[in-house]
Structure formats: C-alpha cells, structure tokens
Amino acid sequence: MSALRIAQEEKGWLSSETIEFVAKYLEMPAIAVFEVASFYNMYDLSPVGARKITVCTNLPCALSGGVHAADYIKKRLGIDFNETTPDGRFTLKEGECMGACGDAPVLLVNNHQMCSWMTEEKIDQLLEDLKK
Amino acid sequence: MSSQGIILSGLDGDRTWRLADYIKRGGYDALKKIIAEKLSADHVIGEVKKSSLRGRGGAGFPTGLKWSFMPRAFPGAKYLACNSDEGEPGTFKDRDILRYNPHAVIEGMIIAGYAMGCERGYNYIHGEIFEVYTRFEEALQEAREAGLLGKNILGSDFSFDLFAHHGYGAYICGEETALLESIEGKKGQPRFKPPFPASFGLYGKPTTINNTETFASIPYIIREGGDAFLALGKPNNGGTKLFSVSGHVNKPGNYEIPLGTPFADLLEMAGGVRGGRKLKAVIPGGSSAPVLPGAVMMDCTMDYDSISKAGSMLGSGAVIVMDDSTCMVKALERLSYFYFEESCGQCTPCREGTGWLYRVVHRIENGLGRPDDLDLLNSVTANIMGRTICALGDAASMPVQSFIKHFGDEFAFHIEHKKCLVPQDVQREGSKIYVA
Ligand SMILES: Cc1cc2nc3c(=O)[nH]c(=O)nc-3n(C[C@H](O)[C@H](O)[C@H](O)COP(=O)(O)O)c2cc1C
Ligand code: SF4
Ligand code: FES
C-alpha cells in the first residue's frame, strides 16, 4: 500500500503502466496490485488535476457547514464533484468521514494536507495559495 | 479539547507529543515499574481486569478478558494491532490522542506486548490523517532510540517492536479482521469468524486488536492500579473516556470525562445547542449507534449501561448532536449513502441491502416515497441484520430502524406531502458554516 501511495505522489495518479511498474517492483501479479488500488478510495485510477480537493460531507460535517463549504467551492471553481477545472488545476471530490468532524468543515488537499474550520474566506485564501 | 481524565490531561504547549515531554508527565513510569519489579504477565492482565476497562473502539468488550484469550503457550510469533482507523462518522478522538500524546499509545502497546508475549505490534492509522501518521513514525523513532522499543527493552530480556501502517480511504478497515488483511497488504475485506484473531490473526498467528484509546489507558492502570482507574468511572464502566462532540453545538471537540457523567453536563461543556435552538436528537455512539430523541438523552448518563438501557450504544463515544433545524430524513439519507458506499461487497445481504436502504431513503427525501416504503425499509434491515460476515450490515441497519422508530412521523410527512417537515431555509440556516 505504501508503494502505491508513493507512486501516486510521484505520478499524480495511478495509470495501468504505473500499477504494472509497482507490481514488478513488488514481484506481485499486476492484477493483485490493481485490486488493492481499486479498493481504497484515496488512490486515483484516472487523471486528476494538480490539486485534488476532497471535502467531507458526511452527516456530522454536513450539520456544521460541510455541504455549505462544498457548494461554495463548486461555485468558485465552476465544477461539480468528480470534475476537473478546464485548466487542469483542480479536481473536486466528495469525501467520507476523515475522523476530524469537530473541525468541520474539513477538506483534504492531495490526500495528505488537512484543512480545518474552512470558512468562505479561508477557502478563498486556500484556492489563491494553491494556484501559485 | 478539554479533559478531566488521564489521556488528554496536562497537555500544555505544542511539544506534548515529544518523548521528553511525555516522560516529564510520568510517561513510561508504568513500563519501568513492570521491568524493575519484574511484574508477571498475570499481574498485568489482572490489573487491567480489575480496572474494568472496556474496549473504546465501539464494541465495549472488557479488555482484560480479551487479553486473557491469547494462547499463553503458543510457541511461534504473536502479534498486537492498534486500531487507529478512526472512520466512524462522528468519531475524532484517536486523532487527538495520536497528535498530542502518541507515546501513551506506544507505552500501552509495549505493556500489552509484555502481558501477552507478543513480539511485534502494528498501529494502523486512518489514511486521511496522514500528518498524524508521519508524526507517529517520529515518535516511534524516539522510542527506539531511547531503548523503549526493540531488543531487550530497558535492559530486560523482553523484546518488542512496533511499526506504523496507514490506510488509504476504506472505512471497513476499521473492522478488526479487515484491518489485519490490510496490514498484510491486501484488500480490506473482513474474514469469517471463527476462527477469532486470538487464534488465527495477522499472518495466521494469534493477534489481539485494541483501539487507540484502549491502549492509551493502560499506562495509567499499571501506574496507579486497576482500582484507581475503576474509581474514576462507575462500576462496570471503569475510567474516564473521550467523547467527540460534533454537530449543532457551540464548541465541538473532544471532552474526556468520567463514565457516568450526565449527558446534560457534557452538552453544557460543549457550549450547548447552537443559536438557542432546541435539541432534537442525538446519536450517542457514532453513526452506527441508534439515534435517540433529545429528551431521552437528557435523562441519560454517559456510560455503556445507561445508553444501552435507553436503547442505543455508547460505541466509540462519538456524540452527534442535532437541533430542530435538522431534517431527519435527509440526515438518514446521508448516513445510508455512507454505508452503501463503504460496504466491501462480500456478503449479498449487505451489498444489496445497503443499496436498497439508500435508494429508498433517497426517494423519500426527494418526494418520491411510496406509502409502504417504511415497511419496506424495516423488512430490508431485518434481512440484513445477523446475516453478514461483519457488523457493517448491522451498523447500516440500526440507524434506519431507529430513525423510523423515533421520527416515523417525519418520514410519513415526507411521503405524504413530498417535502420536508422542516422548511428548507431553516435547514440551511442550521447547517451553514459556523464560526464560534
Ligand atoms: C465496520 C466496522 C468499523 C469499525 N471501525 C473501527 C474503528 O475505526 N476503530 C476501532 O477502534 N474499532 C473499530 N471497529 C471495531 C473493531 O472491529 C474492534 O472491535 C475494535 O478495534 C476492538 O478494540 P477495543 O476492544 O479496544 O474496542 C469497527 C467495527 C466495524 C464492524
Ligand atoms: S457485512 Fe458488508 S462490509 Fe461486512 S463483510 Fe459483509 S459485505 Fe463486507
Ligand atoms: S464527518 Fe466529516 S470528518 Fe467526520
């Protein structure tokens, strides 16, 4: 799993070539590696923008602005969930509970950077910073 | 975050997760005591039994008893796993424990390894909190350098090593056998039980799995004694516990309080309900626990026995608070979507049933409900419960049953009038981004 994670960090997403490469490296059948990659939600099996933003909209977050924040990002970027901006900069995803519900609204940037208490102002700021 | 307890108390400053800071707080004294006084494994397990510590991961199983199931005389390797795959909606306590006090978990695991004769442990950390995983790796490095992990710990003949493993976005890996599969590098699909992990666990070896908070409670129990821990709570519900309070409260966060504290007190600590609105409903133990009406909760105390008497479960200690701006159909729709999305697909009743539940609640919410839909939902849940490999099937069913049981009128209103009982603008106002 770590091998796939590192491969994804390097390549942005897991193409079948990347998966075959990882499989060879681990001396495993490619299909077994593919099975793992497709089971876990944080692996991307199709291209994503330079920045993938995943917003948690599960109930505890939704009660406290999770959906509101997601709607705001959709409006700002002009895209819906599972879409990428035409310039390839941003992809938006809907996430499940990230174990940080007290910080709602919560979002992840490229899987690893967690942003808490995202107000509209903080979202504006984040999107500006990520464009750089 | 606030604490009247033992895991998150005394944490001042931003270096609380460092080894030096932990030692200043009395950290690793329990382990040193065991080594210096050559306490026997039986003694350690006895203290844990006395403490009446119950598993903090959801099921509330007595920890001491679980530890005594590990085969003592087994000749080969034995393993330990810590479940930090916190993904049960509403639960966010293990993240704070690992962020601010990771060495308590490490010490707890070393002691557990000692008591059960395990040579190696793994901490499985939820993929979404990757920064916590990186920090835990650093804490492990500190412990290794200090001779607290590895060969001949503190000069004794006891050796134990510990490794971190991360998930990558699969709620089901919180189920203990799925977690083991995932550590083995496979898809996280739960195994049939029996055999139980204590006889056939990680790589087929005897394995004990406990929650992060469970392990983090161990050092105190050994240092101060099982009786002292028990006395912090109430009989059969030993100790203090972390409650993650989320939803419509003014101060969401983790509150570490004695088991047996009235719910009303906890609600007050969390700043009460937002905007002066009325408490409508509470899910007291994470999204898989049955929902209870606000009035029922106001009469409960926060412990395993009281919540179970009221018809729900203390579960992971995730308290999801909903005020009267909440549409219960919409709330259930979101939870049902979650279980549908996270079902691993191995058992037909769960795979098909969770899809059904979601689609029916979804159509009710969207004004397409049919008069017999509530009966349909109840019959689908009856067909899932008890017929699946793991408890996710039950976890998906209990919210549906309890929402209908306590808020059936609201569902009936939806079906009849094709709209929410709670006006849309009230809902929007109640669940907007909140700045305290
Ligand atoms: C679908 C599902 C998800 C679970 N998720 C978690 C979890 O995130 N963390 C956890 O500690 N236990 C979780 N559990 C419970 C574990 O299977 C197991 O009972 C627990 O880790 C045992 O530890 P304890 O005795 O210390 O509570 C889950 C169970 C199921 C069925
Ligand atoms: S109950 Fe659901 S999640 Fe659990 S093993 Fe069966 S299909 Fe998978
Ligand atoms: S519900 Fe969003 S982090 Fe838990």
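Residues numbered from 1 in each chain as written. Chains lettered and ligands numbered in written order. Predicted model: local features only at pLDDT ≥ 70, side-chain atom pairs only at ≥ 80, totals over all residues. Heavy atoms only, no water.

Here we take up the overall build of chain A. Helix and strand counts for chain A stand at six helices and five strands. Each helix and strand of chain A, placed in order from N terminus to C terminus, yields the pattern α-α-α-β-α-α-β-β-β-β-α. Taken over the C-alpha atoms alone, chain A extends approximately 45 × 30 × 20 Å along its principal axes. Counting every position in chain A, which comprises 132 residues, the buried fraction comes to 55%. Pairs at least 24 apart in sequence give 56% of the contacts found in chain A among residues at least 6 apart. (Helix = DSSP H or I, 4+ residues; strand = E, 2+ residues; numbered from the N terminus. Buried < 20%, exposed > 50% of the residue type's maximum accessible area, 1.4 Å probe, protein only. Contact = heavy atoms within 4.5 Å.)

Attention now moves to the interface of chain A and chain B. Contacts between the two partners involve 41 residues from chain A and, on the opposite side, 54 residues from chain B. Of the roughly 3,600 Å² buried between chain A and chain B on both sides combined, carbon and sulfur atoms contribute 60%. Sorting the residues of chain A by area buried against chain B places A:Phe39, A:Leu59 and A:Leu63 first, and these three jointly supply 18% of that buried surface. Counting every contact that joins chain A to chain B gives three salt bridges. Across the salt bridge formed by B:Arg334 and A:Glu96, the nearest N and O atoms sit 3.2 Å from each other. Inspection of the region where chain A meets chain B yields 16 residue pairs in polar contact (both at pLDDT 80 or more). The set of elements that each furnish at least two residues to the side of chain A that touches chain B consists of helix 1 (2–11), helix 3 (30–39), helix 4 (59–62), helix 5 (66–77), strand 3 (90–95) and strand 5 (113–115) of chain A. Considering only residue class, the side of chain A that touches chain B consists of 19 nonpolar, 16 polar and six charged. (Buried area = accessible area lost by both parts, 1.4 Å probe. Salt bridge = Lys/Arg side-chain N within 4 Å of Asp/Glu carboxyl O. Polar contact = N/O pair within 3.5 Å; in protein donor to acceptor, adjacent residues only side chain to side chain. Nonpolar A, V, L, I, M, F, W, Y, C, P; charged D, E, K, R; others polar.)

Looking now at the nonpolar core. Judged by nonpolar contacts, the single largest core of 64 residues is most densely connected at B:Tyr28, B:Trp67, B:Ile106, B:Ile110 and B:Phe160. Per element, the largest residue contribution to this core is nine residues, and it comes from helix 6 (residues 102–116) of chain B. In terms of nonpolar packing, the next biggest core, distinct from the first, is built from 38 residues, A:Leu4, A:Ile19, B:Tyr122 and B:Tyr339 among them. (Core = buried A, V, L, I, M, F, W, Y, C linked by side-chain atoms within 4.5 Å.)

Here we come to the site of ligand 2. Among the 13 residues in the neighbourhood of ligand 2, the closest are listed as B:Cys344, B:Gln346, B:Cys347, B:Cys350 and B:Cys390. Within the shell around ligand 2, the residues separate by chemical class into eight nonpolar, five polar and no charged. (Near = heavy atom within 4 Å.)

Further remarks concern the sheet that holds strand 3 (residues 120–125) of chain B. Strands belonging to one sheet form pairs held by backbone hydrogen bonds; the direction of such a pair is parallel or antiparallel. All names here are of chain B. Ordered in space as 4-3-2-5, the four strands form an open sheet in which the pairing is parallel. What marks the edges here is a single partner per strand, and that holds for strand 4 (161–166) and strand 5 (207–211). The sheet shows a mean angle of 20 degrees between the axes of neighbouring strands, taken without regard to direction. The pairing of strand 2 (residues 79–84) with strand 3 spans six bridges and is classified as parallel. Each bridged residue has a counterpart across the sheet, and for Tyr79 the counterpart in strand 3 is Arg120. Contacting strand 3 and strand 4, helix 7 (residues 130–145) runs over the sheet at an angle of about 170 degrees to strand 4. On top of the sheet, helix 8 (residues 176–183) reaches strand 2, strand 3, strand 4 and strand 5; it is set at about 105 degrees to strand 3, its chief contact. (Pairing = 2+ DSSP bridges. Axes fitted to C-alpha atoms, helices over the stretch in contact; angles between N-to-C directions.)

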